[in-house]
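Fold and geometry: a report
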Amino acid sequence: MSKQINIIRSSAVPLNIENVDTDQIIPARFLKATTRDGFGQNLFRDWRYNPDGQPKKEFVLNNPMYHGKILVAAKNFGCGSSREHAAWAIKDHGFDVVVSSFFADIFKNNALNNFLLPVTVSEDFLQKIFVTIEQNADAVIEVHLEKQMITLTNSGDQEVFEINNYKKTCLLNGFDDIDYLLSIKKEIEKFETTHSL
């Protein structure tokens, strides 16, 4: 399965809740596993399910109206502890992009390291996204990584987003840090040769 991300065109799941911390994204009791597989089933576990394991109908991930590869969250998403498992859970559930007006720095870095694209937009544009999805659950959002542009395809409204150039290169090529170093091996060897004492 390719890890590359460039253009994502998808409907979105709206999570209009502020200050979502990593313990809400993936509760601590599910952190014992050491591989990334299976975390998606416990994404937002305590919000999605009753103690008896029955789905809570009112929670957005249990609403069949909403689907897609893009999670749209209110501001200050991913705050709290630094657990990388939060990014694992979101990615394993099937999301490739998370949109918010503010991400906690550690969550943002963990997301980028796990091929999950965090897109930071202005608060005004975020509210436009929520209104668009409320009006049409199937509304398509386009996230274009190379152009660093997010677009509401029904209205044409768009906004540029920022991303670290190194992480952008990694996502476009499906590289983790080691893959990136291997991709520039010849340049490194050339540098070593020309700068050796």
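Residues numbered from 1 in each chain as written. Predicted model: local features only at pLDDT ≥ 70, side-chain atom pairs only at ≥ 80, totals over all residues. Heavy atoms only, no water.

1. Brief notes about the overall build of the chain
Heads up, the rule is: Put simply, DSSP H or I for four residues or longer makes a helix, DSSP E for two residues or longer makes a strand, and each gets a number counted from the N terminus. Whether a residue is buried, partly exposed or exposed follows from its accessible area with a 1.4 Å probe, protein chains only, as a fraction of its type maximum: under 20%, in between, or over 50%, in that order. Two residues qualify as a contact provided that any one of their heavy atoms is within 4.5 Å of a heavy atom in the partner residue. The Shrake-Rupley method, run with a 1.4 Å probe sphere, supplies the accessible areas, and residue values consider only the shown protein chains as cover.
Helix and strand counts for the chain come out as eight helices and eight strands. Counting all 197 residues of the chain, 43% fall into the buried class. Long-range contacts, defined as pairs at least 24 residues apart, comprise 65% of the intrachain contacts of the chain with a sequence gap of at least 6. Accessible area of the chain: about 10,800 Å², with a carbon and sulfur share of 50%.

2. Considerations on the packing of helix 3 (residues 85-93) against helix 4 (residues 105-113)
Short version of the rule: Lines fitted to C-alpha atoms define the axes, with helix axes restricted to the stretch in contact, and inter-axis angles between N-to-C directions lie between 0 and 180 degrees. Should an angle lie under 35 degrees it is considered roughly parallel, over 145 roughly antiparallel, and from 65 to 115 roughly perpendicular; all remaining angles are considered oblique. Two helices cross in a left-handed way if the nearer one is turned anticlockwise from the farther one by less than a right angle. They cross in a right-handed way if the turn is clockwise. Only Asp, Glu, Lys and Arg are considered charged in this grouping, and only Ala, Val, Leu, Ile, Met, Phe, Trp, Tyr, Cys and Pro are considered nonpolar; every other residue, Gly among them, is considered polar.
Following both chains from N to C, one finds helix 3 and helix 4 inclined at 50 degrees, their axes separated by 8 Å at the closest point. Between helix 3 and helix 4, the interaxial angle falls into the category oblique. Two packed elements cross with a definite hand, and for helix 3 against helix 4 that hand is right-handed. Facing Ala86, Ala87 and Ile90 of helix 3, the residues of helix 4 in contact are Phe107, Asn110 and Ala111. Here the residues of the contact of helix 3 with helix 4 are counted per class, giving five nonpolar, one polar and no charged.

3. Concerning the sheet that holds strand 2 (residues 12-15)
Condition: For two strands to be treated as a pair, DSSP must find at least two bridges joining them.
Taken in spatial order, the four strands make up an open sheet running 2-3-4-5, and their pairing is parallel. Two strands lie at the open edges of the sheet, namely strand 2 and strand 5 (117-120), each paired on one side alone. The average angle at which neighbouring strand axes cross in this sheet is 20 degrees, direction not considered. Across the sheet, helix 5 (residues 123-135) touches strand 2, strand 3 (70-73) and strand 4 (97-100), and the angle it forms with strand 3 is around 120 degrees.

4. Re the packing of aromatic side chains
Which entries qualify depends on this criterion: Pairing of aromatic rings covers Phe, Tyr and Trp, the last counted by its six-membered ring, and requires centre-to-centre distances within 6.5 Å; plane angles under 30 degrees mean stacked, over 60 mean edge-to-face, and any other angle means tilted. Distance and angle both matter: a charge sits over a ring if NZ of Lys or CZ of Arg is within 6 Å of the ring centre and within 35 degrees of the ring normal.
For the structure on display, the rule yields seven aromatic pairs. Considering the side-chain rings of Phe44 and Trp47, the 5.7 Å spacing of their centres and the 5 degrees angle between planes classify their relative orientation as stacked. Judged by its relative accessible area of 22%, Trp47 falls in the partly exposed class. Lying across the ring of Tyr49, Arg45 places its NZ or CZ 4.5 Å from the centre.

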